[in-house]
Amino acid sequence: MSTSISPSVLARRAVRVTDRARNGALFVGGLAFAVAIHVWDPTATAGPTCPFLAITGRYCPGCGTLRCLHALAHGHLGAAIDHNALTVSLLPLIVAAWISVGVAAVRAHPAREWRLPTWAGWALVVAFVSFWVLRNLSPAPFAWLAP
Amino acid sequence: MADPIQRGGVWWTQREDGSWLRWDESSTSWQPSADPPPPEQVGLPPVPPMPAGTGGYPAPAAGPAVIPNYLVWAILVTIFCFLPTGIVAIVFSSQVDTKLAAGDRAGALDSSNKARMWVIISVVAGIALGIIVVVSLIATTTVTHVDVNFP
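Parameters at a glance
- Residues numbered from 1 in each chain as written.
- Chains lettered and ligands numbered in written order.
- Predicted model: local features only at pLDDT ≥ 70, side-chain atom pairs only at ≥ 80, totals over all residues.
- Heavy atoms only, no water.
- Helix = DSSP H or I, 4+ residues; strand = E, 2+ residues; numbered from the N terminus.
- Buried < 20%, exposed > 50% of the residue type's maximum accessible area, 1.4 Å probe, protein only.
- Contact = heavy atoms within 4.5 Å.
- Areas by Shrake-Rupley, 256 points an atom, 1.4 Å probe, with all protein chains shown as cover.
- Expected span 1.5 Å × (residues − 1).
- Polar contact = N/O pair within 3.5 Å; in protein donor to acceptor, adjacent residues only side chain to side chain.

### A short note on the overall build of chain A
And then number 1: The secondary structure content of chain A amounts to eight helices and zero strands.
And then number 2: Listed N to C, the secondary structure of chain A is α-α-α-α-α-α-α-α in terms of helices and strands.
And then number 3: Counting over 147 residues, chain A shows a buried share of 31%.
And then number 4: For chain A, the share of sequence-separated contacts (at least 6 apart) that also reach a separation of at least 24 residues comes to 58%.
And then number 5: For chain A, the computed accessible surface area is about 8,300 Å², with 73% contributed by carbon and sulfur atoms.

### Quick word on the overall build of chain B
And then number 1: When its secondary structure is counted, chain B shows three helices and four strands.
And then number 2: Restricting the contact set of chain B to residue pairs at least 6 apart, pairs at least 24 apart contribute 41%.
And then number 3: Of the roughly 9,400 Å² that chain B leaves accessible, carbon and sulfur atoms contribute 65%.

### Section: helix H7 (residues 118–134) of chain A
And then number 1: Here H7(A) is 17 residues long and its end C-alpha atoms lie 24 Å apart, about the 24 Å a rise of 1.5 Å per residue gives.
And then number 2: All of the buried residues along H7(A) are Thr118(A), Ala120(A), Gly121(A), Leu124(A), Val125(A), Phe128(A) and Phe131(A).
And then number 3: Here the buried face of H7(A) lies against helix H5 (85–89) of chain A together with helix H1 (71–80) and helix H2 (83–101) of chain B.

### Let's talk about the environment of Ser130(A)
Residue and element names in this part refer to chain A.
And then number 1: Relative to the helices and strands, serine 130 is located in helix H7.
And then number 2: The spacing of serine 130 and proline 61 is 69 residues in sequence and 9.0 Å in space, taken between C-alpha atoms.
And then number 3: Separated by 2.6 Å, the side chain of serine 130 and the backbone oxygen of valine 126 make a polar contact.

Written out as structure tokens, the structure is:
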């Protein structure tokens, strides 16, 4: 170990501490959200209405996410896909991100950034926008995408 | 493991068995190193810059060594916080690696900072929207019941 610590090392250490605190908070917050959505049933009680749906009468890509996650929390995969197929398809990413913030919170070393490739970003933009349009169409295959 | 130390812009860390690892910027991972880090230069005057064209050390690149693209965060805030600004964050995130591949470090850093800014905007907007929705829900349920019938 060096006897003198350079300012850049101290700064990096401070950044690491705040990063770990933030990651820990995100991990615990995710866990709390999972428990809350398991207990609370958005269909039984009056849940928050999507402002986009209230104003335009059209679904947004996020409509049905709470019902979808509630169904998932109870293991009802079919019902979850019925409420919001996009959220279900992104579930592996959500779970992986949750695990990675948990790992980053307990690791003592600067975490290697989990870097998604560029094509994934563009693919998701296309997926969000096309899901937005398609779930508002009434013909049979598209109507299944509505919540 | 001991805390990482920096020597000449390179990060080193010592393992339990005494061997050294150095941070490899190209693969962004710790790589075993046969040589220990150079000793810390205490009290020495800073080395004057070498004249161009004499084959000295390459000029260090400006800005941080690793430019994050924040794509994971951009996607998560798009799902959970606020979609319109989240998509803007995804677009800026996607530009980072493209610009890095083209050798445009300044542009990549700019896109990275913009992606970070839009992630933060999305989080704030999502929290604000959540508060508005909950407050309006409490306000409307006590007054009347709105039944939205959608085909």
